[in-house]
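Observations on chain architecture
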Amino acid sequence: MQNYTILIIDDEEKLRKLLSRLIKLEGFNVHEAEDIKTAKKVLEKENIDVVLCDVKLPDGNGVAFVSSVKTNYPLVEIILLTAFGNITDGVQAMKNGAFDYIIKGDDNDKIIPLLNKAIEKVNLQNVMGMSALNTPDPPRDMSASAIERQNNYIKARNYLEFVLGQSLLKNIGTDFLYNDETPRSEEHTSELQSRVDI
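Residues numbered from 1 in each chain as written. Predicted model: local features only at pLDDT ≥ 70, side-chain atom pairs only at ≥ 80, totals over all residues. Heavy atoms only, no water.

**Considering the overall build of the protein**
When you go through the protein residue by residue, the secondary structure sums to eight helices and seven strands. For the protein, the residues scored as buried account for 40% of the 198 residues in total. (Helix = DSSP H or I, 4+ residues; strand = E, 2+ residues; numbered from the N terminus. Buried < 20%, exposed > 50% of the residue type's maximum accessible area, 1.4 Å probe, protein only.)

Structure follows, in structure tokens:
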């Protein structure tokens, strides 16, 4: 099993240490930072998968920090923690790219399940990213709509491979992934497959 790495950013040392212990017990690697400046150094040096970040920090605001993280590390997921629920902050955090926004204390039981969900998203993004790197460029004579269909097919297939596993996907087939064309015959199926096969 792969070891995933979590970064906890919180200026409350007792809470930070408590979260760190809980998360380590689940098998994660954990790094800690008391402010944004320290967090940036950790992000530069370590391969972080998920960030748990307090909203109010000594040198900045966690909601704004989400944008910075997503710009520089787009595959990193961020869960924001706040002592006081604020709808405006929550909405802005999600717009900035946060995975979730939860209240300290009230939502403590949600942290580990949320981390696991965030890790699932990280895995999916990594799988899709690697597939994109390994996918050849489409033929030059393909139309824009055919290229778009190919890209949509690849994304859908990658997602299904991740969720269902390749063996199950082979059993159920992939005909239903074609957006606007349903195979009408064996010849048509082959023709469609040749357009989108990778």
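**So, the side chain of Thr-82**
Position of Thr-82 among the secondary structure elements: in strand S6 (residues 77-82). With relative accessibility at 7%, the residue Thr-82 sits in the buried group. Among residues more than four places away in sequence, those in contact with Thr-82 are Asp-54, Val-55, Tyr-101, Ile-102, Ile-103 and Lys-104. (Contact = heavy atoms within 4.5 Å.)

**Considering the confidence of the model for the protein**
Looking at the protein, the pLDDT average stands at 76 and 62% of residues meet or exceed 70. Segment residues 131-136: pLDDT under 50, and three contacts once partners within four positions in sequence are set aside and those in other chains are kept. Note on residues 165-184: pLDDT is under 50 here. Beyond four places in sequence and across chains, it has 33 contacts. (pLDDT = per-residue confidence, 0-100.)

**Topic: the packing of helix H2 (residues 36-45) against helix H3 (residues 62-72)**
Here H2 crosses H3 at 15 degrees, and the two axes come no closer than 12 Å. Here H3 runs roughly parallel to H2, going by the angle between their axes. Regarding H2 and H3, the two cross each other, and that crossing is right-handed. Residues Ile-36, Ala-39, Lys-40 and Leu-43 of H2 form the contact with H3, whose own contacting residues are Phe-65, Ser-68 and Val-69. (Axes fitted to C-alpha atoms, helices over the stretch in contact; angles between N-to-C directions. Parallel < 35°, antiparallel > 145°, perpendicular 65-115°, else oblique. Left-handed = near helix turned anticlockwise from the far one by under 90°.)

**Some thoughts on helix H1 (residues 13-25)**
A rise of 1.5 Å per residue sets the reference length of H1, with its 13 residues, at 18 Å; its end C-alpha atoms lie 18 Å apart and thus fit the reference within 8%. Within the span of H1, buried status applies to Leu-15, Arg-16, Leu-19, Ser-20 and Ile-23. Down the axis, H1 shows its buried residues gathered within 135 degrees of arc, on one side only. In H1, the exposed positions angled more than 90 degrees off the buried face are occupied by Lys-14, Arg-21 and Leu-25. One or two residues past the end of H1 sits Gly-27, with phi positive at roughly 95 degrees. (Expected span 1.5 Å × (residues − 1). Arc of directions from axis to C-beta.)

**Things to note about a nonpolar patch on the surface**
A surface patch of nonpolar side chains, amounting to about 310 Å² of accessible area, comprises Leu-18, Leu-22 and Leu-25. Structurally, the position occupied by Leu-18 is in helix H1. Look at Leu-18 and you get partly exposed, because its relative accessible area is 38%. (Patch = residues over 30% accessible without salt bridge, like charges linked within 9 Å, V, L, I, M, F, W, Y side chains within 5 Å. Areas by Shrake-Rupley, 256 points an atom, 1.4 Å probe, with all protein chains shown as cover. Salt bridge = Lys/Arg side-chain N within 4 Å of Asp/Glu carboxyl O.)

**Digging into the nonpolar core**
Within soluble globular proteins, side chains that are nonpolar tend to cluster in buried spots. Grouped together as the largest cluster of nonpolar side chains are 22 residues, with contacts concentrated most on Leu-7, Ile-9, Val-51, Cys-53, Phe-65 and Leu-80. Mapped by element, the contributors of at least two residues to this core are strand S1 (5-9), H2, strand S3 (50-54), H3 and S6. Apart from the residues within four sequence positions on either side, Cys-53 is in contact with Ile-9, Gly-62, Phe-65, Ile-78, Ile-79, Leu-80 and Leu-81. (Core = buried A, V, L, I, M, F, W, Y, C linked by side-chain atoms within 4.5 Å.)

**What to know about a negative patch on the surface**
The grouping of Asp-11, Glu-13, Glu-34 and Asp-59 at the surface amounts to a negative patch. Following the sequence through the fold, Glu-34 ends up in the loop between strand S2 (29-33) and H2. (Lys, Arg positive; Asp, Glu negative; His and termini not counted. Charge placed at Lys NZ, Arg CZ, Asp CG, Glu CD.)

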